[in-house]
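Here is what each chain is made of, one letter per residue.
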Amino acid sequence: MNGHRGENMMELAQILFPLHRSMTGLGNRQSLEALSGYGLDLQTVEVPSGEQVFDWRVPDEWSIRDAFIESADGVRRVDYRDSNLHVVNGSIGVDTEMPWEELRTHLHTCESRPDAIPYKTSYFHREWGFCLTQRQYESMLSRKDRLFRVCIDASYEKGSLTYGELILPGKCKEEILFWTHLCHPSLANDNLSGIAVAAELARTLASQHLQYTYRFVFAPATLGALCWLSNNRNIADRIYAGLVLTLLGNLEELHYKQSPSGEALVDRLMATLLGDKQSVSRYEPFGYDERQFGTLGFRLPIGRLTRGLPEVYAYYHSSDDNLAAMNAEQLDAALEFLLCFCNALENNKKYLATQQHGEPHLGSYGLRKSPGLLSNDDQQRVLFWMMHLCDGSMSLLDIAERTGYSITEIHEVAAMMQTVGLLSIARNDRSRSNSYMAKAIC
Amino acid sequence: MNGHRGENMMELAQILFPLHRSMTGLGNRQSLEALSGYGLDLQTVEVPSGEQVFDWRVPDEWSIRDAFIESADGVRRVDYRDSNLHVVNGSIGVDTEMPWEELRTHLHTCESRPDAIPYKTSYFHREWGFCLTQRQYESMLSRKDRLFRVCIDASYEKGSLTYGELILPGKCKEEILFWTHLCHPSLANDNLSGIAVAAELARTLASQHLQYTYRFVFAPATLGALCWLSNNRNIADRIYAGLVLTLLGNLEELHYKQSPSGEALVDRLMATLLGDKQSVSRYEPFGYDERQFGTLGFRLPIGRLTRGLPEVYAYYHSSDDNLAAMNAEQLDAALEFLLCFCNALENNKKYLATQQHGEPHLGSYGLRKSPGLLSNDDQQRVLFWMMHLCDGSMSLLDIAERTGYSITEIHEVAAMMQTVGLLSIARNDRSRSNSYMAKAIC
Amino acid sequence: MNGHRGENMMELAQILFPLHRSMTGLGNRQSLEALSGYGLDLQTVEVPSGEQVFDWRVPDEWSIRDAFIESADGVRRVDYRDSNLHVVNGSIGVDTEMPWEELRTHLHTCESRPDAIPYKTSYFHREWGFCLTQRQYESMLSRKDRLFRVCIDASYEKGSLTYGELILPGKCKEEILFWTHLCHPSLANDNLSGIAVAAELARTLASQHLQYTYRFVFAPATLGALCWLSNNRNIADRIYAGLVLTLLGNLEELHYKQSPSGEALVDRLMATLLGDKQSVSRYEPFGYDERQFGTLGFRLPIGRLTRGLPEVYAYYHSSDDNLAAMNAEQLDAALEFLLCFCNALENNKKYLATQQHGEPHLGSYGLRKSPGLLSNDDQQRVLFWMMHLCDGSMSLLDIAERTGYSITEIHEVAAMMQTVGLLSIARNDRSRSNSYMAKAIC
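Sequence order as written defines the numbering, with residues in each chain counted from 1. All chains are assigned letters beginning with A, and all ligands numbers beginning with 1, in the order in which they are written. Thresholds applied to this predicted model are a pLDDT of at least 70 for local features of residues and 80 or more for the giving and counting of side-chain atom pairs; totals over whole chains, interfaces and linings are not thresholded and use all residues. Note: side-chain values were computed over all heavy atoms of the structure, leaving out hydrogens and water.

1. As for the relation of the copies chain C and chain B
- The copies were overlaid with a least-squares fit restricted to C-alpha atoms from residues scoring a pLDDT of at least 70 in each copy. Once chain C has been moved 0.3 Å along the axis and rotated by 120°, it coincides with chain B to within an RMSD of 0.1 Å. What the rotation and shift describe, once combined, is the action of a three-fold rotation axis.

In structure tokens, the structure reads:
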């Protein structure tokens, strides 16, 4: 645990929390500015309103300035200034008086948790609404015999959809994609946790020599993903592995959802790193933006990392998913895990044993111990596995899967063996196979 | 449950029950006439005595008129007129007196159930015998010091082996075969149940527009199957799926025995329809006529549907397997299951998603709900699975296997999607793969 | 159980027990002479000191004549004449006096079992040492204030490494290899048991007509295996199956360790013969000489048979592994198992059913019983399986795996069927596939 890093991520989340993110608009641009302020060399991309993106069209840009419901006694019963969740995200403007019976059809509460404000959106149907606690609902109910003033000072105008992108170039052009959605307003785990972990991961990798090119994208969900795919079809083809990041600050264990094929490098690496198969679930065409990356026309090798299953996250899409629902330690542990993932990727080489006929005479190489039945030293056992398996075709991941040792352990021994001349890098190390080449149906 | 259908099948079984079926002879022809009377447009095929059929030769035709054992006091202790099971099926004629010690070597009883008459056959060894209850046996034992008169008025003469066949032509020439054995005399589940269900299934399908050609055969077991195979080698090659039907009126759950490959379309469909793997067993070269269809030279994709495992059917081959051992509800449920099977076959198309890059914008298609994490509506989930999987190569069965939804549910959604333009029929829909092409060894 | 055979093997072990085997030297030649005396037509191979063998060099030959530790009172506290385990195998000569503090760094005891002398070797580091019981250690400890006389009358001189080899020629040149290590001195299960069982197996097979050529090698571990591989590269290529034999006289159940591929003929045969999967473990590059045969350059289809897992053998490499730790019955049962293995190999033919279209009419072949549902006779069931599976491509092992019947049972029925003309030997019976051809990575 690196306490400093965890605190940094929590501070970033605190800055981002009050900004009113949506599918489009000012809040998203403010959020990307905050990420630049965190030290990320972000490029901002704007996709104009009206642009056709596959089966969709980018809508006009949404702006909101204020919103409230006032009872006849002049008291603001629901006030946008208390929480931006109070307005259905994407609501059209309204300013009128109406009776309770009409108003109530525009109100949303959370039945199971009376003190929570639910989070609702309406991006493509031109309608308006308020989200509120059961308590607020009841306070208005007692005044239902008089008119309510309803005001949403919001508007749609030509503008654009905004996303931010950061590239850390590596030696080769194959890319590793980290993807987070930027459109949720004052919700913490979903998805300030993903944004904060991605930001800190990018900052950490930026100072390293990298084999692969790493790309971080912060974009609104669904349409943001489609815009990025539309702008980057050629890049999509060279994505070697990718992860959608969200729900990383809560107390659950890490959970991995596979890419469509279930057999991509990212799937195999995650299974090896997580160890326990109960932490892995198969791809389904529901969930976060992995839905878009997995469609027939793309089938990208992109999985999803969360803590626990989103489908059972108790605070999902409600004001209970606030900064108190996540903590620095969990964010940092998720970050640490992702650094292991990147490290395993970077080190996943193929080696060739230089001595293939019989065991090597270890004494000649200055390596301690001789082979034998009861050799319990793990490093020596790894060494013998390497001599047994390194025919130039097996990557360290293949070897980890076969032996149960971690890629880190194996890489350490491989480096030692390379030094004394027992291993060399395989010539065909670059000819990797991955699912995106075959676009196999899962 | 369609009470009418169940009763019809029971009535047909009642008509067929007393007819004395055998490998050859009058009883079989009478039975086929009864099936014609039930509304089936049956064609009767006669294979002459002496004809070589693979490794076998069609024997002379058997006729029987009467049979009894009379004790010295003139009482008929065993009488053919009580039950045609009393005579070993295929017995040669005999008319003589003999002592108990000689007679007893020709008597068969059922040790475990003293009141039951066992069912025995002797088609290729020229011998005679009687089957009787323990009680009858004992009544004769008390008179064993005097001679018994033994009479079987039976004969073998040149004639033929008879089977009936019904064809329901469909749009394509690939055939679905339903096969039942016709040779058992007064036994109900084995096999009036199979005959009745096949007859009603044929009558039901006859009024439908069919994609496949359906063929129903009613033939004596073993040699009847070999005769049909010998007469239809070219047709055997285009059997797309088939089922041997028997034991369908008792109270056990449906059980499927796989075709030799275990991976034919019929095997996969049955596994999907039955759901529970305990209801499926692997092919073995023992049992009913699936034994012949599965031999090396044929390896047809034909499985077997029964209720429970025949090997443990308590009334197997005895007079206890009478009409009281089966009921209309079970026959009707079996029929309903077979109609689902045919329906799944007919609908097992391949589709192509028209929108493959990213999710479709459902709103534009007039389909309710938008995609999202917590979409619980089954139809919408099926819709997204279809968008995810319909690349033109996957049949609805493939999709059912991958998703766990039934072919019926999937077909409903597919039809809806086709209407709004989200799916089209795949061009290569007719290029099906099946095990009969490869004749793979199981 | 053949009591005679078991006793013979125990007697051979008794003769071999006191001989001082090592990596090189007189004890090994004496042991090979004892095997010749047992009736084996052994050929002795000498590999000269200094010869390069893959990554290794054959060391000078070791001789030892005497060794002891004497306390100042003139008492021999540790005496080579009591047990050849007392000297670290391969020790250089020494003859001097030294204080306890120096001596103790050359002493080895067995912490967990105070009465046992451990077995240690030092073949490539020029050093010396004694192995002794805790009791002996303590008796010297009480005299630690005076000098000890230490004497090992041993030397290294140009000579050779010795191994013995026996070939039993069969009809075809594919070879079955039985391998045992000869280098352990007074240890019983490890490996007089392997030597004795191999010797008796060779003696038994020598009197039989053999399909395959059988090769038995008795060689020092590791370097002996490498010498043999170096001398026999062309022969290694035609090894069809092989087993390393050791630990066969103790009370544990038989255990099989797979060859590298895990799918070689030897692996499949062993799994079939042992039945219980808990008795089989995957290949690992640790253990006995299977380590050398499994290296990348060879990947030979050679597994290992032991009783129990060597890693948990309580007496491993200690004086507790003496003749009392094994018995004649267990040796004989292991031998019997190996004879079954050879028998299964010899009989593992491929047959072609002569009647492939429909079942044969068994009556015409003089075979009892007719086919039917409830046929419980195992031989008849095997017969029908053979008719079902014998397409010329399936060996008896394939059929055993598919049906669960043993190769012995299947071979008996196959012979009977061949006699009556229902089966013939497949023409391509010699075209066997084995893992050594593909050298697949495990």
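2. Describing the pairing of strand 12 (residues 213–219) of chain B
Residue and element names in this part refer to chain B.
- The element strand 12 is extensively covered by neighbouring structure, given that 7 of its 7 residues are classed as buried.
- Of the two faces of strand 12, the one carrying Thr213, Arg215, Val217 and Ala219 and the one carrying Tyr214, Phe216 and Phe218 are both buried.
- Pairing analysis gives 5 bridges linking strand 10 (residues 160–168) to strand 12, with the strands arranged antiparallel. Across the sheet, the residue bridging to leucine 168 is tyrosine 214, located in strand 12.
- A pair of strands counts as paired when DSSP detects no fewer than two bridges linking them. By the criteria applied, helices consist of DSSP H or I runs no shorter than four residues and strands consist of E runs no shorter than two, each listed in order from the N terminus. Summarising the sheet, strand 11 (residues 175–181) and strand 12 pair through 7 bridges and their orientation is parallel. From the neighbouring strand, tryptophan 179 faces strand 12, where its bridge partner is valine 217. Buried, partly exposed and exposed residues are distinguished by accessible area as a fraction of the type maximum, computed with a 1.4 Å probe on protein chains only: under 20%, between the cut-offs, and over 50%, respectively.

3. Considering the confidence of the model for chain A
Residues and elements named next belong to chain A.
- The score called pLDDT rates the predictor's confidence residue by residue, from a low of 0 to a high of 100. Summarising the model, chain A shows a mean pLDDT of 92, and 94% of its residues fall at 70 or more.
- Contacts: residue pairs with any heavy atoms within 4.5 Å of one another. In the model, residues 371–375 has pLDDT below 50 throughout and makes 18 contacts with residues more than four positions away in sequence or in other chains.
- Scored by ipTM, the complex comes to 0.90, with pTM at 0.89.

4. A word on the sheet that holds strand 6 (residues 94–98) of chain C
Residue and element names in this part refer to chain C.
- With antiparallel pairing, the 4 strands of this open sheet are ordered in space as 5-4-9-6. In the strand order of this sheet, the two ends are held by strand 5 (76–79) and strand 6, each with one partner. Recorded for the sheet is a direction-independent mean angle of 15° between the axes of neighbouring strands.
- Bridging between strand 4 (residues 61–70) and strand 5 involves 3 bridges; their strand directions are antiparallel. Axis geometry follows a simple rule: fit a line to the C-alpha atoms, using only the stretch in contact for helices, then measure angles between N-to-C directions, giving values from 0 to 180 degrees.

5. Examining the pattern of salt bridges
- Salt bridge, as used here, is a side-chain nitrogen of Lys or Arg placed within 4 Å of a carboxyl oxygen of Asp or Glu. Following the criterion strictly, the structure yields 75 salt bridges over all chains and no others.
- The residue arginine 29 of chain A makes a salt bridge to glutamate 61 of chain A at a minimum N-O spacing of 2.9 Å. Here arginine 29 of chain A, found in helix 2 (residues 26–37), pairs with glutamate 61 of chain A, found in strand 4 (residues 61–70); they are 32 residues apart in sequence, far enough to count as distant.
- Look at arginine 29 of chain A and you get partly exposed, because its relative accessible area is 22%.
- You can call glutamate 61 of chain A buried: its relative accessible area is 13%.
- With its nearest N and O atoms 2.5 Å apart, the salt bridge here joins arginine 113 of chain C to aspartate 320 of chain C. Of this pair, arginine 113 of chain C sits in the loop between strand 7 (107–108) and strand 8 (130–131) while aspartate 320 of chain C sits in the loop between strand 16 (302–307) and helix 10 (328–347); the two residues are 207 residues apart in sequence, bridging distant segments of the chain.
- One continuous salt-bridge network, built from bridges that share partners, spans Asp66, Arg76, Asp79 and Arg81 of chain A.

6. Considering the environment of leucine 168 of chain A
Residues and elements named next belong to chain A.
- Inspection of the secondary structure assignment puts leucine 168 in strand 10 (residues 160–168).
- Taking C-alpha positions, leucine 168 is 32 Å from histidine 317, a pair spaced 149 residues apart along the chain.
- With residues up to four places along the chain from it excluded, the contact list for leucine 168 reads Ala202, Leu205, Ala206, Leu210, Tyr212, Thr213, Tyr214 and Phe216.

7. Here's the deal with the sheet that holds strand 9 (residues 148–157) of chain A
Residues and elements named next belong to chain A.
- Here 4 strands make up an open sheet; going across it, the order is 5-4-9-6 and the pairing antiparallel. The open sheet is flanked by strand 5 (76–79) and strand 6 (94–98), the only strands paired with a single partner. Neighbouring strand axes in the sheet, compared pairwise and without regard to direction, differ in orientation by 15° on average.
- Pairing of strand 6 with strand 9 involves 5 bridges; the strand directions are antiparallel.

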